Amino acid sequence: EDDVPHDVKHRRLSEIIETFNTGARAANEAEVGRDHLVLIEGLSKKSDQEWVGRTDTNKKVVLAREPVLDATAGGAPVDVAVGDYVAVRVTQALSANTLRAQPLARTSIAQFEAGGVSANALRAQPLVVAPSSIGQYAAGGSHAAAGSY
């Protein structure tokens, strides 16, 4: 028989979720400024002007839908498509689950891992860091107001 009151169960679950989200937000904040390889999955649910994809660590990343350099074919500007790999630089932790990034170049896994993309075309790209949302969380703001995806 279950003798734990429903309100106690609810409070305990809320504490666990908040603890997880705090750690996940901190981990995402630590990603700001880092370069990642992202597999483009499709358009963002919130804007057809943005792509959404995932890193090799399965973090969701939102990036602008704009032409990028093609590091696999001499550096000419190209449009990105679903299924492409794009090197990105993380600019903001939007939530505990989502990062925002600046697209740098379309590339391949091998080229990105070999450092060919970061060492050449990408280092010249300035880092555009969006205002951090961490202060809003610390102040008790909701992640929905900070741009949850």
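*Asks:* Explain the overall build of the protein to me, please; I cannot follow it from the model alone.
*Replies:* Looking only at helices and strands, the protein features four helices and seven strands. Listing the helices and strands of the protein from first to last along the sequence gives α-β-β-β-β-β-β-β-α-α-α. Among the 149 residues that make up the protein, the fraction classed as buried is 38%. Excluding contacts between residues fewer than 6 apart, the proportion of contacts in the protein whose partners are at least 24 apart in sequence is 57%. As presented, the protein carries roughly 8,300 Å² of accessible surface, and 55% of it is formed by carbon and sulfur atoms.

*Asks:* Would you mind going over the nonpolar core with me for this structure?
*Replies:* One recurring pattern in soluble globular proteins is that nonpolar side chains are buried together. Ranked by internal contacts, the top residues of the largest apolar core, which has 14 residues, are Val38, Ile40, Val61, Leu63, Val80, Val86 and Val88. Looking at this core, the elements with two or more residues in it are strand 1 (35-43), strand 3 (60-64), strand 6 (85-93) and strand 7 (98-107). Looking at this core element by element, the count peaks at four residues for strand 6. Residue contacts for Val86: discarding those within four places in its chain leaves His36, Leu37, Val38, Ile40, Leu63, Val80, Pro103, Leu104, Ala105, Arg106 and Thr107.

*Asks:* Would you take a moment to explain the confidence of the model for the protein for this structure?
*Replies:* Low-pLDDT portions of the prediction should not be read for the details of their coordinates. For the protein, the mean per-residue pLDDT works out to 81, and 77% of the residues sit at or above 70. Below pLDDT 50 for its whole length, residues 119-149 participates in 56 contacts with residues either more than four positions away or in separate chains.

*Asks:* Can you help me understand the packing of aromatic side chains in this one?
*Replies:* Within a pair of aromatic rings, the relevant descriptors are the distance that separates the centres and the angle that separates the planes. Here the structure, examined in full by the defined rule, presents zero aromatic pairs. In this structure, Arg65 packs its charged tip against the face of Trp51, placed 5.2 Å from the ring centre.

*Asks:* Which parts of the structure should I look at to understand the pairing of strand 2 (residues 50-55)?
*Replies:* In the case of a regular strand, side chains alternate between the two sheet surfaces. Burial of strand 2 is extensive: five of the six residues sit out of reach of the surface. Examined bridge by bridge, strand 1 and strand 2 share five bridges and lie antiparallel to one another. Its bridge partner being in strand 2, Gly42 is matched across the sheet by Val52. In this antiparallel pair of consecutive strands, strand 1 and strand 2, the connection spans six residues. Judged from the five bridges that link them, strand 2 and strand 3 form a sheet pairing that is antiparallel. From the neighbouring strand, Arg54 faces strand 3, where its bridge partner is Lys60. Where strand 2 hands over to strand 3, the hairpin turn is made up of four residues, of which Asn58 adopts a positive phi near 70°.

*Asks:* Got a minute to help me understand unusual backbone geometry in this structure?
*Replies:* The phi angle of most residues is negative, glycine excepted, and most peptide bonds adopt the trans form. Here Asn58, not a glycine, exhibits a phi torsion of approximately 70°, which is positive. For Asn58, a relative accessible area of 53% translates into the label exposed.

The rules behind these values
Residue positions are counted from 1 within each chain, in the order its sequence is given. The predicted origin of the model limits local features to residues at a pLDDT of at least 70 and limits the giving and counting of side-chain atom pairs to 80 or more, whereas totals for whole chains, interfaces and linings rest on all residues. Hydrogens are left out, water is left out, and the side-chain values use all remaining heavy atoms of the structure. Numbering of helices and strands starts at the N terminus; helices are DSSP runs of H or I of at least 4 residues and strands are runs of E of at least 2. Each residue is placed in one exposure class: buried if its accessible area under a 1.4 Å probe, protein chains only, is under 20% of its type's maximum, exposed if it is over 50%, and partly exposed if it falls in between. Two residues form a contact once any of their heavy atoms are found within 4.5 Å. The Shrake-Rupley method, run with a 1.4 Å probe, gives the accessible areas here. Residue values count only the displayed protein chains as cover. Throughout, nonpolar core names a set of buried Ala, Val, Leu, Ile, Met, Phe, Trp, Tyr and Cys residues whose side chains join them through atoms within 4.5 Å. As a per-residue quantity, pLDDT reports the predictor's confidence and falls between 0 and 100. Aromatic contacts are taken between Phe, Tyr and Trp rings whose centres are within 6.5 Å, Trp giving its six-membered ring; a plane angle under 30 degrees counts as stacked, one over 60 as edge-to-face, and the others as tilted. We call a charge positioned over a ring when the NZ of a Lys or the CZ of an Arg lies within 6 Å of the ring centre and within 35 degrees of the ring normal. Here, any two strands with at least 2 DSSP bridges between them count as paired.

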